[in-house]
Every structure is written in structure tokens, then in C-alpha cells.
Amino acid sequence: MINSLAPFSWKDCLEVAAKSDIGLRRYNNQDAHAEDLAGSQDAFLDRGHLFLVADGMGAHAAGETASKKAVEVIPLAYRKLRDLPPPEALRQAVREANEEIFQCAQANENFRGMGTTVSALAVLPSGAWIAQVGDSRVYRCRGDVIEQLSQDHSLAWELRRLPEDIRPQYVPKNIITRSLGPQMDVEVDLEGPFPIEPGDTFVLCTDGLSGQVSDEEIGQIVRVLSPAEAVETLVNLANLRGGPDNITVTVVRVKPMAHCSSSGDTRRDAIFLAHGRWMRLAGYMCIALGMVGFAMALFGLVQLKLLTHPSGWGILLVPVVALSLGFYLLLRRTETSGPVLRLMNPPSPYNITSCAFRRETLENLLQILAELEDTARQESWEVDWTLLEKLRTSVVTAQDDRLGEAIADVCRAINHVMNRARQHKRQTHPQANGHFYRPL
């Protein structure tokens with residue numbers, strides 16, 4: 001962990017890439033993403049960096065509108081709520097986005113019932129915080145383990161809590177139990193702080209990726225590739241396996257430098273949160289004192305027969321002020337009320353999966369590459385076969401201690417063929433949406 005002499009730098013520590021794709025079976029892309037990076041060290045210390053993915057739902061352009069609103073409103077509201085600690089500001093920003101989406105739906109009949117998931121990751125000096133609504137996901141890959149840090153708000157996950165003997169054998173995976181937009185109020189899960197260490201890689205994605213590529217594969221791919229190569233590979237794999245939904249993925253890597261770690265110091269957030277609880281207590285005390293004072297003053301006025309005298313009402317000024325202050329403090333706190341944050345220990349991940357390099361993964365990727373090469377020859381794509389053969393030779397001769405390098409090389413080969421295929425499609429079918437490959 002770092003000390004105050006070596007703060008997490010706002011500028012040098014992160015490598016970020018994001019990609020969104022329509023998939024193979026959708027007519028429009030209802031996913032959205034945003035990367036809101038701090039513009040200075042002071043801005044980073046105040047609010048950190050913010051990353052979001054959102055998966056919209058609804059007829060016409062409703063889903064697209066909902067997800068776009070979410071990724072536009074949340075960053076603005078998050079940085080605007082300066083009187084709140086970052087975790088509470090993040091939760092409140094998600095709530096404000098929910099209200100805007102709900103009001104938009106009520107104002108336009110074509111948008112009724114529209115909604116969106118949202119997964120938000122705030123990278124702060126004290127660690128990583130996550131706000132979650134829906135079934136998009138946030139992962140952290142550290143070493144040879146990938147952890148799902150967010151909880152799916154879906155029927156499938158809810159039924160996992162049932163005993164196995166009464167759990168239905170088939171549960172639709174696409175039924176979500178919580179989203180932004182359909183209701184005026186929404187419950188927002190807030191998780192954190194997760195400590196940040198050099199080499200950590202965070203992955204945010206919609207279910208268009210997590211439904212087609214396993215956690216283990218995601219972990220292995222982000223371990224061996226740069227964020228830019230990783231997002232390209234993951235989107236390609238999801239499409240090659242059917243691409244039934246829009247696909248969005250953001251990869252955030254903490255560079256392996258000694259000063260690129262969180263302080264683990266949650267005292268600032270704790271002070272702000274404790275301050276909120278004290279404000280609530282102070283509100284109750286003001287109301288209690290105000291009511292007692294009001295009753296005593298009124299009793300005194302009656303006894304002294306000063307109710308009709310103008311100067312007598314001045315006695316009521318102090319209890320009225322106390323009551324007003326108490327209600328102000330309570331209402332102000334109610335806007336950001338929520339579960340008590342766990343500040344002593346990092347939260348536990350919801351899923352932990354090994355992403356150690358496996359030969360089975362390499363063989364599966366080689367099979368995908370072989371089928372792509374067959375299609376490339378049949379359709380005369382302008383592939384650099386020399387480069388491809390060089391990568392293939394490196395892969396085939398790899399020993400177990402070089403599995404990671406081999407997986408990286410075959411991913412690069414797949415990306416190369418896919419890029420040439422897109423070029424071929426644009427040349428032969430200029431009006432097409434760019435999709436050309438058959439699901440594997």
C-alpha cells in the first residue's frame with residue numbers, strides 16, 4: 001500500500017479501452033458506455049475516475065434513449081454532488097438518472113416502460129467503488145483469479161438462493177429484477193471499497209459479452225492482452241459465438257508501477273458518512289427540542305394571557321427555528337439514505353473463478369481460428385498469411401510455460417482475420433452493417 005508521499009497518480013496509472021458492438025441479431029445498439037476521467041490530480045483526489053456501461057431495453061428507440069441518458073446523467077450528477085462523499089454521490093447520481101429516465105418515459109407514450117441496466121466503477125484514492133442496477137457486470141482480474149464484484153439483479157440469480165431440490169431446472173437468463181426507469185424509485189447496490197493494486201484489471205460489460213464468453217476466458221484474455229486488444233478480442237468472440245445481443249466492454253488496467261495502488265484509507269469517506277449520521281441525529285434532537293420548546297412557550301402564553309398580544313408571539317420564534325432546522329437536516333439526509341457502508345473490510349466478491357492459463361482454452365481458440373481461415377480462403381479475404389503463419393507457428397510450438405503468450409498470439413491472429421473480413425465486407429457490400437461472419 002502507498003503512503004502520502006506516493007499518491008495514486010491521476011494521469012499515469014491507468015490504461016483504458018472500451019468497445020461497443022451491435023451484435024448479429026439486433027437492428028440497433030441499445031448499449032452505452034462512458035469513461036469520465038479526472039482532469040487533474042485535485043479532481044482525482046476529489047472524485048476519482050468514473051466508468052460506466054449500460055444495457056437499454058424497450059421498443060422503438062426507447063432502450064437506446066434510456067442507456068444514453070444513464071451514461072450522460074450519472075457522471076454529471078456525480079461530480080456535481082460535491083457536498084456528499086464519493087460513494088454516496090455515486091449512489092445518488094444513479095438515482096437521479098433513474099428519475100430522469102422515468103420522467104422521460106412518462107412524457108412520451110412511445111417510451112413507456114423503457115429502462116436500462118447500469119454498472120458504474122469509481123476508481124478513487126481509497127479504492128474502487130461500484131454502483132449496480134441490473135445484470136451488467138463489473139469484474140476484477142488479479143493474478144490468476146477473476147472476481148465478479150457486482151451482483152446480477154436477475155431472476156436466475158434470485159432463484160440461486162433456493163435449495164437445489166426445489167429450484168426450477170430451467171430459468172430464463174434474460175429476465176432482470178431491477179433496472180433504471182420503470183419506477184420512480186430504484187434500489188442501488190453500492191459495494192466498496194475494493195483495494196487497488198498494481199496490475200489489477202477491471203472489466204465492465206453488458207450481458208452480450210458475459211452470456212457468450214465465460215468468466216474464465218475473460219480473465220485469461222485480459223491477463224495477456226493490452227486493454228485495446230482485449231476489448232477487440234472479447235467482442236469478436238461474442239460475435240463468433242452467435243452475437244445474440246449488443247456487446248459492450250470496458251477494460252481498465254492499473255499499470256504495474258509501485259505508486260499505482262489505492263491507499264486503502266477509508267477515513268475520509270468514513271468521516272463524511274459519519275457526518276451524515278450525526279446530521280440525522282441532530283435533526284431528531286432539533287425537532288424534539290423544538291416541539292418541547294413550542295409546547296412550553298404556548299403554555300406560558302396561555303397562562304400569562306399574552307396570546308392576543310403581538311410581542312407574545314416572539315417567544316415562539318426559537319422553537320419554530322429549531323423545528324425548521326430539524327426537518328431540514330432530516331430531509332437533506334433522506335435524499336441519500338441507504339444501507340450502511342462497510343468500511344472496515346473489503347466486500348467479498350460474488351463469484352471467484354480461476355483464470356490460470358489452460359491448454360483447453362488455447363485449443364478452443366485455435367479451432368475458431370481454423371474455421372475463420374477456411375472462410376477467409378473461400379471468400380478471398382485479403383489476409384496476411386505470412387503474419388498468420390508466424391503467429392500459428394508460435395502457438396503450436398508453445399510449451400506449458402508459454403501458454404499465456406500462445407493465447408495472446410492466437411487472439412491477435414483472430415483479430416487480424418476479423419479485421420480483414422470487415423474490410424472485405426465494406427468493399428463488397430458498402431451498405432451492409434459490417435457483419436459478415438457466421439456464428440461458430
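Just so we're clear, the structure is a prediction, and the values are computed from it rather than from any experiment.

### Some details on the overall build of the chain
In terms of helices and strands, the chain carries twelve helices and twelve strands. In the chain, buried positions account for 51% of the 440 residues.

### Examining the sheet that holds strand β10 (residues 201-205)
Ordered by their spatial adjacency, six strands build an open sheet running β1-β11-β10-β7-β8-β12, and the pairing between neighbours is antiparallel. Single-partner strands in this sheet number two, and they are β1 (14-21) and β12 (351-354). Adjacent strand axes in the sheet meet at a mean angle of 15°, parallel and antiparallel pairs treated alike. In the sheet, β10 pairs with strand β11 (residues 247-254) via five bridges, with the strands oriented antiparallel. Within β11, the position partnered with L204 by the bridge is T250. Its contacts with the sheet put helix α6 (residues 215-224) on β7 (137-142), β8 (145-148), β10, β11 and β12, and the angle it makes with β7 is roughly 55°. The sheet strands contacting helix α7 (residues 227-240) are β1 and β11, and the helix crosses β1 at an angle near 25°.

### Describing the pairing of β7
Extensive coverage of β7 is indicated by the burial of five of its six residues. Examined bridge by bridge, β7 and β10 share five bridges and lie antiparallel to one another. Directly across from Y139, in β10, lies its bridge partner V203. Bridge count between β7 and β8: four bridges; the pairing is antiparallel. Pairing of R142 across the sheet is with V145, part of β8.

### Re the state of the cysteines
For the structure on display, the rule yields zero disulfides. Looking at the unpaired C355, the closest cysteine sulfur is the one in C141, lying at 3.8 Å.

### Regarding the packing of aromatic side chains
With the rule as written, the count across this model stands at one aromatic pair. The cationic tip of R223 hangs over the ring face of F357; the distance from NZ or CZ to the ring centre is 4.0 Å. R377 extends its terminal NZ or CZ atom over the ring of W385, reaching a point 4.2 Å from the ring centre.

### So, unusual backbone geometry
Here G192 and P193 are connected by a cis peptide whose omega angle stands at -5°. Looking at the secondary structure, you find P193 in strand β9 (residues 189-194). Within the chain, S380 stands out as a residue other than glycine whose phi angle is a positive 60°. In this fold, S380 is placed in the loop between α10 (359-378) and α11 (385-396). Using a relative accessible area of 53% as the deciding quantity, one classes S380 as exposed.

### Concerning the nonpolar core
L209, I218 and V249 are the most contacted members of the largest nonpolar core, which totals 48 residues. Counting 36 residues, the second largest nonpolar core, distinct from the first, contains A62, A77, L84 and W129.

### Some words on the packing of α10 against helix α12 (residues 403-428)
At their nearest, the axes of α10 and α12 sit 10 Å apart, and the two run at 20° to each other. Our classification of the angle between α10 and α12 gives roughly parallel. The chirality of how α10 crosses α12 is left-handed. Residues R359, T361, L362, L365, L366, I368, L369, L372 and A376 of α10 pack against L403, A406, I407, V410, C411, A413, I414, V417 and M418 of α12. Of the residues that constitute the contact of α10 with α12, the class distribution is 16 nonpolar, one polar and one charged.

### Observations regarding the environment of G23
Mapped onto the elements, G23 comes out in the loop between β1 and β2 (31-36). The spatial distance from the C-alpha of G23 to the C-alpha of N239 is 6.0 Å, given a sequence separation of 216 residues.

### Description of α11
Along its twelve residues, α11 runs 16 Å from first to last C-alpha, staying within 8% of the 16 Å computed at 1.5 Å per residue. Taken as a whole, α11 has its buried residues at L388, L391, S394 and V395. In an axial view of α11, the angular spread of the buried residues amounts to 125°, which keeps them on one side of the axis. In α11, those exposed residues whose orientation departs by more than 90 degrees from the buried face are T386, K390 and V396.

### Quick notes on the pattern of salt bridges
For the structure on display, the rule yields 20 salt bridges. Across the pair R26 and D245 runs a salt bridge, and its minimum N-O distance is 3.3 Å. Remark: D245 occurs in the loop between α7 and β11 and R26 occurs in the loop between β1 and β2; sequence separation between them is 219 residues. What makes R26 partly exposed here is its relative accessible area of 40%. Given the relative accessible area of 14%, D245 is considered buried. Here R402 and E405 are joined by a salt bridge, their closest N and O atoms 3.1 Å apart. For R402, a relative accessible area of 26% corresponds to the partly exposed category. The network of salt bridges with common partners includes D46, R47 and R82.

### Considerations on the packing of α6 against α7
Look at α6 against α7: their axes get within 9 Å of each other, and the N-to-C directions meet at 150°. Taken together, the axis directions place α6 and α7 in an arrangement best described as roughly antiparallel. Here the hand of the crossing between α6 and α7 comes out right-handed. Contacts between α6 and α7 pair I218, I221 and V222 from the former with A230, T233, L234 and L237 from the latter. Of the residues belonging to the contact of α6 with α7, the class tally is six nonpolar, one polar and no charged.

Conventions we followed
- Residues numbered from 1 in each chain as written.
- Predicted model: local features only at pLDDT ≥ 70, side-chain atom pairs only at ≥ 80, totals over all residues.
- Heavy atoms only, no water.
- Helix = DSSP H or I, 4+ residues; strand = E, 2+ residues; numbered from the N terminus.
- Buried < 20%, exposed > 50% of the residue type's maximum accessible area, 1.4 Å probe, protein only.
- Pairing = 2+ DSSP bridges.
- Axes fitted to C-alpha atoms, helices over the stretch in contact; angles between N-to-C directions.
- Contact = heavy atoms within 4.5 Å.
- Disulfide = S-S within 2.5 Å.
- Phe/Tyr/Trp six-rings, centres within 6.5 Å; stacked < 30°, edge-to-face > 60°.
- Lys NZ or Arg CZ within 6 Å of the ring centre and 35° of its normal.
- Core = buried A, V, L, I, M, F, W, Y, C linked by side-chain atoms within 4.5 Å.
- Parallel < 35°, antiparallel > 145°, perpendicular 65-115°, else oblique.
- Left-handed = near helix turned anticlockwise from the far one by under 90°.
- Nonpolar A, V, L, I, M, F, W, Y, C, P; charged D, E, K, R; others polar.
- Expected span 1.5 Å × (residues − 1).
- Arc of directions from axis to C-beta.
- Salt bridge = Lys/Arg side-chain N within 4 Å of Asp/Glu carboxyl O.

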